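Chain residues, written in single-letter form:
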Amino acid sequence: MSSGKKSSSAKAKTTRNSSKDSVVAAIATQTREALAVIFAFRLINALCVRTFFQPDEYFQALEPAWHMIFGEDSGAWLTWEWKHQLRSSVHPAVFAFGYYVVKSFLGPGMGPKVVATWLVTAPKVLQTIFAALSDWYSWRLAEKLYGHGSAAAWSVLLMTLLNPWQWYTSTRTFSNCFETTLTAMALYYWPWELLGTEDDGNAGSKYSSTPILETWGQLNRFRLSLILAAFAVLLRPTNALIWMAIGILVLTRATLSGKSPLTRRNLLIMYREVILCGSFVLGLSLLADRQYYGEWTFPPFTWLHFNVAQDLAVFYGQNDWHYYLSQGIPLLSTTVAPFVLIGLYRSLDAEQSNWPVTTSNALKSLSFTVLTTIASLSFVSHKEVRFITPLLPAFHILAAPYITTFFTTLTNAATTCPTPTLGWKRTPLLLAGLLVNVIIGGYLSYFHAAAPIKVTDFLRSEFETIHPKHLAIPKPENATIDYDFEQELFALFLTPCHATPWRSHLVYPSLRARALTCEPPIHTTPGSLQRQIYQDETRRFFADKVGFLGSLWPHDIPGEDMARYIVGYEGIESALREYFDFSGPGGRHKVELKEVWSSWNGLFTDDDRKAGRLLVWATGFYDTVSPIEP
């Protein structure tokens, strides 16, 4: 009899374990499949984005990456931030790896045109991986907080994938996009139980007896979170605001519920791991920057010195104090912005939503992180929407329960989905919101400011046709010098500075180009007269276009090389023709401008100097003998 009971008990236990293993295996399979689908979606996204957004996508990532792999004579344009060591080399090193793979494995056996195509594509593929990981970890964090398979968690994934801002920017090589990925990953691995645990029934102790940071698995996840957060801070020092906010709540437990897990042991472990993981990341960063810059340096400190102490960020624009509230959140969240605001407000009293203690405290900390980060960055004069992009996972997670109950018949967003009782409501409004997202994302990614990308493709194609003997990547070290070719300036860009990609799209090191610069007045003091009257090259050109052209090619002294092609927006055409007119200041050059390419650049622009079509004029200066190499 007893033997039969033991046998039945053992079978039941085996069945439960088997069932549990099956559930774990099913969840693991689902998460892997979800990652594959998300990656495929973002790869399509990356291939569909064919527009120019902001210069940092190229000049703070791809240009230094190109320089790392192809060297000083590669034609990479290193801006003043890299010359003065404001930037960490860690982010460009990621894309340098992509260039290295193309150079090492495709370069020797393929033609230069094929290699050029792969060099343009490689950063897109790498960034697709980071964009997919950002989406995936945002979804997994939502599952961690709201429950596996919950409707709220699926809402987070859908909001992330259908967000037009994400479609427009997540596959671009901005440091902010990489920072967002690191932040989402770090938040996922963060032990949210440190904020408080459920009551364990032990009234004799104010501290929770729930095991935290005890097993190797718990410690390793905590370490991984700290390492990822440290890299995010090194990448963008303002990311420290996110972790300072969470750290303050962990230590003070202000507004948090549940029992405190902060025993002396746990506090010592936290301090130990923060110091060890922070030192590890700092050491790697110092070594990487020592290798890149050739001397010991700490870019985050230099970044703070120039942008805050020297107030040079103002040189690139100033915004109203309410910019992030009136423009940042709406642009970042678009059609889900109302639900983000509701989530921010309701999270302050999350206990009323009957969430578990861990979820309630996590939502409060995410809300506190959003509020403190936006409040702190609002004091900085120079503001951009992408500076708060790392808050997007928090936005979606906070909004998820309210957008779920608004558009579905579920009354509890933590309900497992799909479910037979799931139904939709307010369908016309939902479809209208989706349509708005598709229109915004489609227009911005395929049509708006597409000309700066297209013009580099045109110039690269022209160079391949005219100079087929000079397509080597990199330049051959012992090549015979062609003095006539060396004197040719292939393209002169008379656009606002950094208005097009550079070597990452022009590719060929022998394609010599020149563009207007806009370096800030580094050697002036804030508020000084020298800074007030300072005019960079771009401003001087647009203030007096004909006069500036005269300074490029003066009468009495040797000037710069004449360009084969001049690139500019249609607003400068009259000044160019005035200068090169037979009776004008540049008549002696005998240049007859001929428009050879043009492209529409969108319905609107944030810079009047970029209004109208983008044009390319041929000067004919080098065509007197043979326009194309034999």
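Residues numbered from 1 in each chain as written. Predicted model: local features only at pLDDT ≥ 70, side-chain atom pairs only at ≥ 80, totals over all residues. Heavy atoms only, no water.

## As for the packing of helix α5 (residues 90-106) against helix α6 (residues 112-146)
Two numbers describe a pair of packed helices, the interaxial angle and the distance between the axes.
Okay, so step 1: Running from amino to carboxyl end, α5 crosses α6 at an angle of 140 degrees, the nearest separation of the two axes being 9 Å. It follows from the interaxial angle that α5 and α6 lie oblique. In the packing of α5 onto α6, the handedness of the crossing is right-handed. Facing Val94, Phe95, Gly98, Tyr99, Val102 and Leu106 of α5, the residues of α6 in contact are Val115, Trp118, Leu119, Ala122, Pro123, Leu126, Gln127 and Phe130.
Okay, so step 2: Here the residues of the contact of α5 with α6 sort into 12 nonpolar, 2 polar and no charged. (Axes fitted to C-alpha atoms, helices over the stretch in contact; angles between N-to-C directions. Helix = DSSP H or I, 4+ residues; strand = E, 2+ residues; numbered from the N terminus. Parallel < 35°, antiparallel > 145°, perpendicular 65-115°, else oblique. Left-handed = near helix turned anticlockwise from the far one by under 90°. Contact = heavy atoms within 4.5 Å. Nonpolar A, V, L, I, M, F, W, Y, C, P; charged D, E, K, R; others polar.)

## Structural notes on the pattern of salt bridges
Between side chains of opposite charge, a pair can form as their charged atoms come close.
Okay, so step 1: According to the stated counting rule, one finds 19 salt bridges in the structure shown.
Okay, so step 2: For Arg272, the salt bridge goes to Glu273, with nearest N and O atoms at 2.7 Å.
Okay, so step 3: Its salt-bridge partner being Arg512, residue Asp561 comes within 2.6 Å of it at the nearest N-O pair. You can see Asp561 sitting in the loop between α24 (545-552) and β3 (563-569) and its partner Arg512 sitting in the loop between α21 (503-506) and β2 (513-515), a full 49 residues away along the chain.
Okay, so step 4: Bridged by salt links that share partners, the residues Asp56, Glu384 and Arg386 form one connected network. (Salt bridge = Lys/Arg side-chain N within 4 Å of Asp/Glu carboxyl O.)

## Observations regarding the pairing of strand β5 (residues 614-618)
Okay, so step 1: Counted residue by residue, β5 has 5 buried out of 5 residues, so it is predominantly covered.
Okay, so step 2: Covered by surrounding structure in β5 are Leu614, Val616 and Ala618 together with Leu615 and Trp617, the residues of both alternating faces.
Okay, so step 3: With 5 bridges connecting them, β3 and β5 associate as antiparallel partners. Residue pairing across strands places Val567 opposite Val616, the latter belonging to β5. (Buried < 20%, exposed > 50% of the residue type's maximum accessible area, 1.4 Å probe, protein only. Pairing = 2+ DSSP bridges.)

## Description of empty space enclosed by the protein
Okay, so step 1: In total, this model carries 7 cavities of 30 Å³ or more according to the counting rule given.
Okay, so step 2: Space inside the largest cavity adds up to approximately 130 Å³.
Okay, so step 3: Mapped by element, the contributors of at least two residues to the lining of the largest cavity are α5, α10 (216-235) and α13 (299-309).
Okay, so step 4: If one sorts the elements of the lining of the largest cavity by residue count, α13 sits on top with 3 residues.
Okay, so step 5: A breakdown of the residues in the lining of the largest cavity according to their chemical character gives 9 nonpolar, 4 polar and 2 charged. (1 Å grid on protein atoms, 1.4 Å probe; cavity = no way out; pocket = protein on both sides within 12 Å on 5 of 7 lines; lining within 4 Å. Points joined across faces, edges and corners; volume = space filled by probe spheres on them.)

## Let's talk about the nonpolar core
Okay, so step 1: The biggest cluster of nonpolar side chains holds 79 residues, and the ones touching the most others in it are Trp190, Trp192, Phe395 and Ile397.
Okay, so step 2: When near neighbours in sequence (up to four residues on either side) are disregarded, Phe395 contacts Ile329, Leu332, Ser333, Val340, Val370 and Ile374.
Okay, so step 3: Ranked by size, the runner-up nonpolar core spans 49 residues in total, among them Trp77, Ala116, Ile466 and Trp502. (Core = buried A, V, L, I, M, F, W, Y, C linked by side-chain atoms within 4.5 Å.)

## Some remarks on helix α14 (residues 323-333)
Okay, so step 1: Taken together, the buried positions of α14 are occupied by Tyr323, Tyr324, Gly328, Ile329, Leu332 and Ser333. Here the buried residues of α14 occupy an arc of 145 degrees about the axis, which is enough to place them on one side.
Okay, so step 2: Buried-residue contacts for α14 involve α8 (164-169), α15 (337-346), α16 (357-377) and α17 (392-407). (Arc of directions from axis to C-beta.)

## Some words on the state of the cysteines
Chemically, a disulfide is nothing more than a covalent bond linking the sulfur atoms of two cysteines.
Okay, so step 1: Within this structure, the stated rule accounts for 1 disulfide.
Okay, so step 2: Residue pairing for Cys497: its cysteine sulfur links by disulfide to Cys518, the two sulfurs lying 1.9 Å apart. On the sign convention where negative is left-handed, the bridge of Cys497 and Cys518, at about 80 degrees about the S-S bond, is right-handed. Here Cys497, found in the loop between β1 (489-493) and α21, pairs with Cys518, found in the loop between β2 and α22 (529-533); they are 21 residues apart in sequence, far enough to count as distant. (Disulfide = S-S within 2.5 Å.)

## A word on the packing of aromatic side chains
Okay, so step 1: The final tally for this structure, using the stated rule, is 41 aromatic pairs.
Okay, so step 2: For the ring pair Trp553 and Tyr579, a centre distance of 5.9 Å and an interplane angle of 35 degrees mean the geometry is tilted. Note that Trp553 is positioned in the loop between α24 and β3 and Tyr579 in helix α25 (residues 573-580), a separation of 26 residues in sequence.
Okay, so step 3: Looking at Tyr579, the relative accessible area reads 1%, which means it is buried.
Okay, so step 4: Between Tyr579 and Phe580, the aromatic rings sit 5.0 Å apart at their centres with planes inclined by 80 degrees, giving edge-to-face as the arrangement. For the pair Tyr579 and Phe580, one class covers both residues: buried.
Okay, so step 5: Aromatic ring contacts, followed pair by pair, group Phe458, Phe463, Phe485, Phe490, Tyr508, Tyr565 and Trp597 into a single cluster.
Okay, so step 6: Positioned above the aromatic ring of Phe406 is the side chain of Arg426, whose terminal nitrogen or guanidinium carbon lies 4.0 Å from the ring centre.
Okay, so step 7: In this structure, Arg609 packs its charged tip against the face of Phe542, placed 5.3 Å from the ring centre. (Phe/Tyr/Trp six-rings, centres within 6.5 Å; stacked < 30°, edge-to-face > 60°. Lys NZ or Arg CZ within 6 Å of the ring centre and 35° of its normal.)

## Observations regarding the environment of Gln54
Okay, so step 1: Take Gln54: it is sitting in the loop between α1 (2-48) and α2 (56-59).
Okay, so step 2: For the pair formed by Gln54 and Phe174, sequence separation is 120 residues and the distance between their alpha carbons is 8.9 Å.
Okay, so step 3: Every residue in contact with Gln54, bar those within four places of it in the chain, is listed here: Phe174, Glu384 and Arg386.
Okay, so step 4: A distance of 3.2 Å separates the side chain of Gln54 from the side chain of Glu384, its partner in a polar contact.
Okay, so step 5: For Gln54, the side chain forms a polar contact with the side chain of Arg386, separated by 2.4 Å. (Polar contact = N/O pair within 3.5 Å; in protein donor to acceptor, adjacent residues only side chain to side chain.)

## A short note on the side chain of Gln60
Okay, so step 1: By the secondary structure assignment, Gln60 is in the loop between α2 and α3 (62-70).
Okay, so step 2: Once residues lying within four places of it in the same chain are set aside, the contact partners of Gln60 are Thr79, Glu81, Trp82, Arg87, His91 and Pro92.

## So, α17
Okay, so step 1: If you check α17, its first and last C-alpha atoms are 21 Å apart, about what 16 residues at 1.5 Å a residue would give, namely 22 Å.
Okay, so step 2: The largest bend in α17 is about 45 degrees, located at Ala400, with the proline Pro401 one to four residues further on.
Okay, so step 3: Most of α17 sits inside the fold, with 14 of its 16 residues counted as buried. (Expected span 1.5 Å × (residues − 1). Bend = angle between axes of the 7 residues up to and from the residue.)

## Notes on a nonpolar patch on the surface
Okay, so step 1: On the surface, Tyr446, Phe447, Trp600, Leu603 and Phe604 cluster together into a nonpolar patch covering about 580 Å² of accessible area.
Okay, so step 2: If you trace the backbone, Tyr446 turns up in helix α18 (residues 427-446).
Okay, so step 3: On the basis of relative accessibility, which here comes to 39%, the residue Tyr446 falls in the partly exposed class. (Patch = residues over 30% accessible without salt bridge, like charges linked within 9 Å, V, L, I, M, F, W, Y side chains within 5 Å. Areas by Shrake-Rupley, 256 points an atom, 1.4 Å probe, with all protein chains shown as cover.)

## Remarks on the sheet that holds β1
Okay, so step 1: Read from one edge to the other, the open sheet built from 5 strands follows the order β2-β1-β3-β5-β4, with strand pairing classed as mixed. The open sheet terminates on both sides in strands that have one partner only, identified here as β2 and β4 (594-599). Each strand axis lies, on average, 20 degrees off the axis of its neighbour in the sheet, ignoring direction.
Okay, so step 2: Strands in contact with α25 are β3 and β5; relative to β5, the strand with the most contacts, it is inclined by about 15 degrees.

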